[in-house]
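Close look at the chain arrangement
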Amino acid sequence: MGENDYYTLKGYEKKEHNELSYAMEDYLEMICRACCSNKYVRVNDLAERLNVRPSSVSKMVNRLKDAEYVDFEPYGIIKPTVKGWGVGRYFLYRHNVINEFFQVVNETEDELEIAEKIEHYLDRRTVLNMQKLIPAIQEINNSEGGTP
């Protein structure tokens, strides 16, 4: 790696040219999470789940609609499109793997905050490798009887 291969975090973000911002990823992930049990989610429900204002939800959902990730119907009904489900399912998988990985590493019941903070920065290969490590870490934890 050469001296000119380093970037700031913002520089890496620009270099990747992702269609979805991290905020858009969070919204799509939550839309898909809500729609796993229902066929749709409403603006106010999504605002409550994400701890944001309904006006913020409407703005972001319109961006997701413009990019063809969701259908946003009158009266605030939001549904993922086929494209949205494809990407959203991966976001749910990524979140679950990261959360479980840190639960096992830290021997805790929930690591939601750390999962939410870092999930955008890990590529697919890293997430897959984290998933592969979970059973090995569990085995180590079980053989050592937990953290002292």
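Residues numbered from 1 in each chain as written. Predicted model: local features only at pLDDT ≥ 70, side-chain atom pairs only at ≥ 80, totals over all residues. Heavy atoms only, no water.

Turning next to the pattern of salt bridges. For the structure shown, the criterion picks out 6 salt bridges. For the salt bridge of Arg33 with Glu29, the shortest nitrogen-to-oxygen distance reads 3.3 Å. One end of the pair, Arg33, and the other, Glu29, are both in helix α2 (residues 22–37), 4 residues apart, so they sit about a helical turn from each other. Given a relative accessible area of 28%, Arg33 falls into the partly exposed group. Residue class for Glu29 comes out buried when judged on its relative accessible area of 2%. (Salt bridge = Lys/Arg side-chain N within 4 Å of Asp/Glu carboxyl O. Helix = DSSP H or I, 4+ residues; strand = E, 2+ residues; numbered from the N terminus. Buried < 20%, exposed > 50% of the residue type's maximum accessible area, 1.4 Å probe, protein only.)

Across its 25 residues, helix α5 (residues 82–106) extends 36 Å between first and last C-alpha, which sits within 8% of the 36 Å expected from 1.5 Å per residue. Count one or two residues on from α5 and you reach Glu107, which has phi positive near 50°. (Expected span 1.5 Å × (residues − 1).)

Looking now at the state of the cysteines. Tallied over the full model, the rule gives 0 disulfides. The thiol sulfur of Cys35 is not disulfide-bonded, and the nearest other cysteine sulfur, from Cys32, lies at 6.7 Å. Its relative accessible area of 7% is what places Cys35 among the buried residues. With no disulfide of its own, Cys36 lies 6.8 Å from the sulfur of Cys32, the closest cysteine sulfur. The exposure class assigned to Cys36 is exposed, which follows from its relative accessible area of 54%. (Disulfide = S-S within 2.5 Å.)

This brings us to the nonpolar core. Grouped together as the largest cluster of nonpolar side chains are 36 residues, with contacts concentrated most on Leu28, Ile31, Leu46, Val57, Val61, Leu64 and Ile78. Listing elements by their share of this core, those giving two or more residues are α2, α3 (43–50), α4 (54–66), β2 (70–73), α5 and α7 (124–144). Looking at this core element by element, the count peaks at 9 residues for α5. Not counting the four nearest positions on each side in its chain, Leu46 is found in contact with Tyr27, Met30, Ile31, Val41, Val57, Val61 and Ile78. (Core = buried A, V, L, I, M, F, W, Y, C linked by side-chain atoms within 4.5 Å. Contact = heavy atoms within 4.5 Å.)

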